[in-house]
Amino acid sequence: MALQIGSLTLRSPVVLAPMAGVTNVAFRTLCRELEDELTGSTSGLYVCEMVTARALVERQPATLHMTTFGPTETPRSLQLYTVDPQTTYDAAKMIVDEDMADHIDMNFGCPVPKVTRKGGGAALPYKRSLFGSIVAAAVRATEGTDVPVTVKFRIGIDDAHHTHLDAGRIAAGEGAAAVALHARTAAQRYSGTADWSEIARLKDHVRDVPVLGNGDIFDADDAARMMTETGCDGVVVGRGCLGRPWLFAELSAALRGTERPTPPTLGRVADIMRRHAALLADHHGEDRGLREMRKHVAWYMRGFPAGSDLRQKMATVSTLVELDGLLDQLDPTVPFPPDAEGPRGRQGSPSSVALPDGWLDDPEDCAVPAGADLMHSGG
């Protein structure tokens, strides 16, 4: 089951969602290696951490470091957070002129209060004219190239302010090659249940470009069910892969109709953790890389038998040698536990969405929100 996004042909309709502090080159490399090992190919799209367009244009070192891709990584996919048409154009033009990526995605789904409070993220599609101008700027910057532009957004701000149908129509009309819907409102954040029926509504509303669905895909059956129930053209997977970088091999096999790989034993998971830590150390240096690895430990170990003392030591690990010694204490024969299935990652609680004063007064106001592009990359 292939997916065509502009010039890109994906052999399976599976996309890794950008996640701050997670989907760096180390994690993407690991996911791709496991998919290749278990299925014989890498067939989906693995998207880089979200970076701020302004920070990219200003060539901030931390942001440029986030845009690192592996030497064999293809297609290279980069997601922008942006609020200003001119900065969007400059960033997209920089990406194509300097051959930084093969695909540009734009994020209008971030529900974090520090972002929406300034009019960014999931708040921005309410401003239809501004939203359209931003998408058009990115498309204009990539004209004459093989770099497609796609757009991701949420259902809306809250239940009283849905924006996804307008956002899908506008994005497709301005030249986006695909749209993706996280089937929650910003008010839901990551809580509750994603409303897949809204993905189906968007698919009925947007006929000219692929529509991808996102939200509550935690295993291969979830992905297949979403595509069957909604008619969407592909799936975007975020929290479901935390501590399970082999999930993309399972998704690819399921959606391509081939045999699914067997879930890993604890010994195999330990080997994967070693590889992940080594890749993080290569990318960040050992000190920071192992600090980054700590948050992954609980995700990897979910459902497996391990004493609290060992878990605590792994959660404070500081060197590759130390991690290796701790992983050697695990029983490698333990099979993958049923308790490891299901939702994972942040969920939080629903809450009212912080917005700039007067934000809801005029949806056609195209003024760029002040200060909304000053956030740190990935926030």
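- By the naming in an unreviewed UniProt entry, the chain goes by tRNA-dihydrouridine synthase and is assigned to Rhodococcoides corynebacterioides.
- For the record of the chain, the UniProt heading Sequence similarities (unreviewed entry) holds the text "Belongs to the dus family."
- Per UniProt, the chain carries the Function (unreviewed entry) text "Catalyzes the synthesis of 5,6-dihydrouridine (D), a modified base found in the D-loop of most tRNAs, via the reduction of the C5-C6 double bond in target uridines."

### What about helix α4 (residues 85-97)?
Residues lying three or four places apart along an α-helix face the same way, a consequence of the helix completing one turn every 3.6 residues.
Here comes step 1: Between its first and last C-alpha atoms α4 spans 18 Å; for 13 residues at 1.5 Å apiece the expected length is 18 Å, and the two agree.
Here comes step 2: Within the sequence span of α4, burial applies to T87, T88, A91, A92, M94, I95 and V96.
Here comes step 3: For α4, the N-terminal cap is D84; the gap from its side-chain oxygen to the backbone nitrogen of Q86 is 2.9 Å.
Here comes step 4: D99 sits one or two positions beyond α4 and adopts a positive phi of about 50°.

### Considering the packing of aromatic side chains
Here comes step 1: Overall, the coordinates contain four aromatic pairs when judged by the stated rule.
Here comes step 2: Taken together, a centroid distance of 5.2 Å and an interplanar angle of 65° make the contact between Y46 and F248 edge-to-face. With Y46 in strand β4 (residues 45-52) and F248 in helix α10 (residues 247-256), this pair connects stretches of sequence that are 202 residues apart. You'll find Y46 and F248 in the same group, each marked buried.
Here comes step 3: With 4.9 Å between their ring centres and 75° between their planes, F108 and F131 make a pair best called edge-to-face. Of this pair, F108 sits in strand β6 (residues 103-108) while F131 is found in helix α6 (residues 128-141), placing the two residues 23 residues apart along the sequence. Exposure class is identical for F108 and F131. Each is buried.
Here comes step 4: Linked through ring pairs, W246, F304 and F336 together constitute an aromatic cluster.
Here comes step 5: Taking the ring centre of Y190 as reference, the NZ or CZ of R154 above it sits at 5.0 Å.

What counts, and at which threshold
Residues numbered from 1 in each chain as written. Predicted model: local features only at pLDDT ≥ 70, side-chain atom pairs only at ≥ 80, totals over all residues. Heavy atoms only, no water. UniProt positions renumbered as here; feature names shortened; annotations may be inferred. Helix = DSSP H or I, 4+ residues; strand = E, 2+ residues; numbered from the N terminus. Expected span 1.5 Å × (residues − 1). Buried < 20%, exposed > 50% of the residue type's maximum accessible area, 1.4 Å probe, protein only. Polar contact = N/O pair within 3.5 Å; in protein donor to acceptor, adjacent residues only side chain to side chain. Phe/Tyr/Trp six-rings, centres within 6.5 Å; stacked < 30°, edge-to-face > 60°. Lys NZ or Arg CZ within 6 Å of the ring centre and 35° of its normal.

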